[in-house]
Amino acid sequence: MRCSVGVQALPILGLLLVLGIHRCEAIVHHKFVIQETPYTRLCSTKSILTVNGQLPGPTLYAHKGDTIIVDVYNKAKYNITIHWHGVKQPRNPWHDGPEYITQCPIKPGGKFRQNVTFSLEEGTLWWHAHSDWSRATVYGAIIIYPKNGTSYAFAKPHADVPIILGEWWKQDIFAIYDEFQQTGGDPNVSDAYLINGQPGDLYPCSKQDTFRLAVEYGKTYLLRLINAALQDILFFAIADHQVTVVGTDASYTKPLKVDYITISPGQTIDLLLEANQPNDHYYMAARVYSSAAGVAYDNTTTTALIQYKGRYTPSSPPHLPYLPYYNDTAASVNFTGRLRSLASGDHPVPITVPQTVKHKFLFTVSVNTFPCANDSCAGPNGSRLAASVNNISFVSPSIDILQAYYYHIKGVYGTRFPSKPPLKFDFTAEYLPLALETPRKGTEVKVLEYNATVEIVFQGTNLVAGTDHPMHLHGTSFYVVGWGFGNFDKKKDPKRYNLVDPPLQNTIAVPKNGWAAVRLQFFNPGVWFMHCHLERHLSWGMEMAFIVENGPTPDTQMFPPPSDMPLC
Ligand code: C2O
Ligand code: CU
């Protein structure tokens, strides 16, 4: 129980009874058991990792400001960690989850108790495994309601429904990961996309289990869209219905009416669906947005059904919504570039947009290659594929960075992450010399003072193959103040920044051969991971970490480590 007393120690007993109100809330406990569970999809059965046997895993519910406790038991034969994506975890990096960044993995048979503390977030987030590729099936929604007594930034919807987009392989995901590591090439593409764990009508052996959302004509539904896919940015739409975007990454946006949505892995988008159409059912559908030339992709389409209650007269079979073409970059940015913070009314943006910043960083995000003995790897021309930020391909340390930082253990990481690319060249040129493809390996972090104001410009490059990179930061959200194609121009581009109502996000897709600029204040002491949320790019090294130093007062400092931290 967590209790607070409204008024204390009043001398008159009668008044004490009236005014001394004890407000007690039980802290909610959850049990997450990681286990292997047989699942049948696409006509075949395999064993997958789940939480409590469920796919998607259990939904966590909270109100803004709550703390919940999750006991994670690892009953599987693989190491695992669990991350609360987009939850800032103020002063508590110990429970954030990325393996070898803030903790050692939970070993088979092990247990770890994690506090999940909601502070500024309101809307939808999600949780997922953060070790190797186990997040392929280990994920679930987090719904954060407004504080009791406050309301949404829009009329209360009739109901709210998580819509979790996922990805399915017939093969075992650990086998795919091992092969990917060994060959050095692109990983096998998935066999299906999923909506709430189901492929939908367009796949074999799937139709009987298609996810159905029952709606009543005239009512409004809040769809909490989450992209939990391992490797792909997705387009999503609902046939004959426009939807209104009202939030992203647990922060309200100005209402935006759209026909389709682009959603990156890691991102969440809240949308209102008005049930206002005459037929009995309609498809919602999602398929890939894949921008890298020459890279294979899963070209299938997942569907679910919107079913109007009380309408049983069979009309014509439902049709698919319009979805942009697979490589339609213009369609992708056309959606993403229109998001704006609500920034007004009862729900102002929770942090102010930094109008000036102390630190300006330019980070190139690149796909790379390493030469391979006898050209025997499966990457381009026998090379091994890699990826980097500012030409450093991140190497996972043997113990977590947070532990090394806290206990002053030397030799685990370096503090020389570069503020700008080591070599300046035309990053987005059509042809780039092969010599530029090879990155350097390293485990480097960027150390920042408490409350540092920072601008990061992520610059995509055309090395190997230009593509979009959904960059994600742990511990703090950022304002997406600008984006563009080609090379960032530090004289001209900042003049076009939106410093008034930029969207507050934890993940931003840097457009193919373009850039995205974010601003934020690092008010959360700890070690915070930053990485591309396409799992293959993360495995190739497209990541780094920030260390945010303690502030001057006790309540601006990191908590001490919990006693049950898993050991390496
Ligand atoms: Cu979804 Cu490192 O995060
Ligand atoms: Cu990437």
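Computed from a predicted model, the values in this text were never measured in an experiment.

Rules behind the numbers
- Residues numbered from 1 in each chain as written.
- Chains lettered and ligands numbered in written order.
- Predicted model: local features only at pLDDT ≥ 70, side-chain atom pairs only at ≥ 80, totals over all residues.
- Heavy atoms only, no water.
- Pairing = 2+ DSSP bridges.
- Helix = DSSP H or I, 4+ residues; strand = E, 2+ residues; numbered from the N terminus.
- pLDDT = per-residue confidence, 0-100.
- Contact = heavy atoms within 4.5 Å.
- Buried < 20%, exposed > 50% of the residue type's maximum accessible area, 1.4 Å probe, protein only.
- Domains from an automatic or database assignment.
- Buried area = accessible area lost by both parts, 1.4 Å probe.
- Salt bridge = Lys/Arg side-chain N within 4 Å of Asp/Glu carboxyl O.
- Polar contact = N/O pair within 3.5 Å; in protein donor to acceptor, adjacent residues only side chain to side chain.
- Donors = N, O, S within 2.8 Å, 3.2 Å for Na, K, Ca; no water.
- Axes fitted to C-alpha atoms, helices over the stretch in contact; angles between N-to-C directions.

Draft legend 1. Quick look at the pairing of strand β4 (residues 44-51). In the sheet, strand β3 (residues 29-41) pairs with β4 via 8 bridges, with the strands oriented antiparallel. Among the inter-strand pairings, tyrosine 39 is bridged to a residue of β4, identified as lysine 46. Turn length for the β3-β4 hairpin, with the two strands adjacent in sequence and antiparallel, is 2 residues, and the turn residue leucine 42 shows positive phi of about 55 degrees.

Draft legend 2. Up close: the confidence of the model for the chain. The share of residues in the chain with pLDDT of 70 or more is 93%, and the mean pLDDT across the chain is 94. This stretch, residues 1-23, has a pLDDT under 50; its non-local contacts, to residues over four places away or in other chains, come to 25 contacts.

Draft legend 3. Region of interest: unusual backbone geometry. The step from leucine 55 to proline 56 runs through a cis peptide bond, and the omega angle for that step is -10 degrees. Counting through the fold element by element, proline 56 comes out in the loop between β4 and β5 (60-63). The phi dihedral of asparagine 381 falls on the positive side, at around 50 degrees, and the residue is not glycine. Here asparagine 381 shows up in the loop between β22 (359-370) and β23 (384-389). Looking at asparagine 381, the relative accessible area reads 68%, which means it is exposed. Of note, asparagine 513 is a non-glycine position whose phi angle comes to about 50 degrees, a positive value. By the element assignment, asparagine 513 lies in the loop between β31 (507-510) and β32 (514-522).

Draft legend 4. Up close: the domain arrangement of the chain. Along its sequence, the chain is carved into domain 1 (2-145), domain 2 (159-336) and domain 3 (359-556). Taking only C-alpha atoms, the centre of domain 1 and the centre of domain 2 are 25 Å apart. Facing the 32 residues of domain 1 at the interface are 42 residues of domain 2. Interface of domain 1 and domain 2: buried area, both sides summed, is about 3,200 Å²; carbon and sulfur atoms make up 67% of it. Here domain 1 is connected to domain 2 by 0 salt bridges. Counting every contact that joins domain 1 to domain 2 gives 16 residue pairs in polar contact (both at pLDDT 80 or more). Among the elements that take part in the side of domain 1 that touches domain 2, strand β10 (residues 139-145) stands out by supplying 6 residues, more than any other.

Draft legend 5. Quick peek at the coordination of the copper ion (ligand 2). Taken together, His469 (ND1), Cys532 (SG) and His537 (ND1) make up the protein donors of the copper ion (ligand 2), found 2.0 to 2.1 Å from the metal. Site description for the copper ion (ligand 2): donor spacing in sequence, H-x62-C-x4-H. Residues cysteine 532 and histidine 537 agree in their burial class; the two are buried.

Draft legend 6. Highlighting the sheet that holds β5. Across the sheet, 4 strands lie side by side as β5-β10-β9-β7; this open sheet has mixed pairing. Edge positions in the sheet fall to β5 and β7 (82-85), since each of these pairs with one other strand and no more. Each strand axis lies, on average, 20 degrees off the axis of its neighbour in the sheet, ignoring direction. Across 4 bridges, the pairing between β7 and strand β9 (residues 123-129) is antiparallel. By the bridge assignment, histidine 85 is partnered in β9 with tryptophan 126.

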